[in-house]
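# Chains, contacts and geometry: an overview
In case you want the letters, here they are:
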Amino acid sequence: MNGGPGLFGTLVAGSVTNADERETEFAASFGAAVSITEKFGTFIEYFGIFSDTDKSAHNLMGGLTYLVTKNVQLDVNAGTGLNDAADDFFVSTGFGWRF
């Protein structure tokens, strides 16, 4: 959620079935965020998806956030892949709810 400058990160582990084979995937991200106004902020983030099949994808994205209420935030972002396993370009939206 918007506030002063800050750092953030996530760690995720999962197991998926792909073409009748079980694959384990891990994802990690870290980034920095800065408030522009009381409602608007911006961020930049690296994230990687690491697979046991050696198809790891590395990405960099940045975006804008909008604080709808003190507990609900929307964002829009765009990014690029940093290696061949990642998408060349992407645009997405996000939703955060603090409870």
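Residues numbered from 1 in each chain as written. Predicted model: local features only at pLDDT ≥ 70, side-chain atom pairs only at ≥ 80, totals over all residues. Heavy atoms only, no water.

### So, the sheet that holds strand β1 (residues 6-18)
Put simply, the rule reads: We call two strands paired when DSSP finds no fewer than two bridges between them. Helix numbers and strand numbers start at the N terminus; a helix is a DSSP run of H or I with at least 4 residues, a strand a run of E with at least 2. Angles here are taken between N-to-C directions and fall from 0 to 180 degrees, while the axes themselves are lines fitted to C-alpha atoms, restricted in helices to the stretch in contact.
One open sheet accounts for 6 strands, arranged β1-β2-β3-β4-β5-β6; its pairing is antiparallel. Here the strands that pair on one side only, and so sit at the sheet edges, are β1 and β6 (89-97). Here the strands of the sheet are splayed against their neighbours by 25° on average, with no regard to which way each runs. For strand β5 (residues 72-81) and β6, the ladder comprises 9 bridges, and the chain directions are antiparallel. Within β6, the residue paired with Val76 across the bridge is Thr93.

### Re the packing of aromatic side chains
Heads up, the rule is: Under the pairing criterion, centres of Phe, Tyr and Trp rings, with the six-membered ring standing for Trp, must be within 6.5 Å; the plane angle then separates stacked pairs below 30 degrees from edge-to-face pairs above 60, leaving the rest tilted. Buried residues are those whose accessible area, probed at 1.4 Å on protein chains only, stays under 20% of the maximum for their type, while exposed residues exceed 50% and partly exposed ones sit between those limits.
A complete count under the given rule lists 4 aromatic pairs for this structure. Ring centres 5.0 Å apart and planes at 50° place the aromatic pair Phe40 and Tyr66 in the tilted group. Of this pair, Phe40 sits in strand β3 (residues 40-51) while Tyr66 sits in strand β4 (residues 57-69), and the two are 26 residues apart along the sequence. You can call Phe40 partly exposed: its relative accessible area is 42%.

### Digging into the environment of Leu60
Looking at the element boundaries, Leu60 is found in strand β4. Accessibility expressed as a relative area gives 34% for Leu60, which makes it partly exposed. Sequence-wise, Leu60 and Thr17 are 43 residues apart; in three dimensions their C-alpha atoms are separated by 26 Å.

### What to know about unusual backbone geometry
The phi torsion at Asp20 lies on the positive side, around 65°, for a residue other than glycine. Structurally, Asp20 can be placed in the loop between β1 and β2 (21-35). For Asp20, a relative accessible area of 78% translates into the label exposed.

### What about the environment of Phe99?
Along the polypeptide, Phe99 turns up in the segment after β6. You can call Phe99 exposed: its relative accessible area is 85%. Along the chain, Phe99 and Val72 lie 27 residues apart, while their C-alpha atoms are 9.3 Å from each other.

### With respect to a nonpolar patch on the surface
Which entries qualify depends on this criterion: Residues enter a patch when their relative accessible area is above 30% and they make no salt bridge; the linking distance is 9 Å between like charges and 5 Å between nonpolar side chains (Val, Leu, Ile, Met, Phe, Trp, Tyr). In short, Shrake-Rupley with a 1.4 Å probe defines the accessible areas, and a residue's cover is counted only from the protein chains shown. The salt bridge definition used is simple: a Lys or Arg side-chain nitrogen within 4 Å of an Asp or Glu carboxyl oxygen.
On the surface, a cluster of nonpolar side chains totalling about 1,300 Å² of accessible area is made up of Ile36, Phe40, Leu64, Tyr66, Val68, Leu74, Val76, Phe89, Val91, Phe95, Trp97 and Phe99. Counting residues per element, the ones that place at least two in the nonpolar patch are β4, β5 and β6. The greatest single-element share of the nonpolar patch, amounting to 4 residues, is contributed by β6.

### Quick notes on the side chain of Glu45
Which entries qualify depends on this criterion: Two residue types count as positive, namely Lys and Arg, and two as negative, namely Asp and Glu; His and chain ends fall outside the count. Note on contacts: a residue pair is in contact if any heavy atoms of the two residues lie within 4.5 Å.
Inspection of the secondary structure assignment puts Glu45 in strand β3. Here Glu45 is buried and forms no salt bridge, its nearest opposite-charge partner Arg98 lying at an N-O distance of 17 Å. The contact partners of Glu45, leaving out residues within four places of it in the chain, are Phe8, Ser29, Phe30, Gly31, Asn59, Leu60 and Met61.

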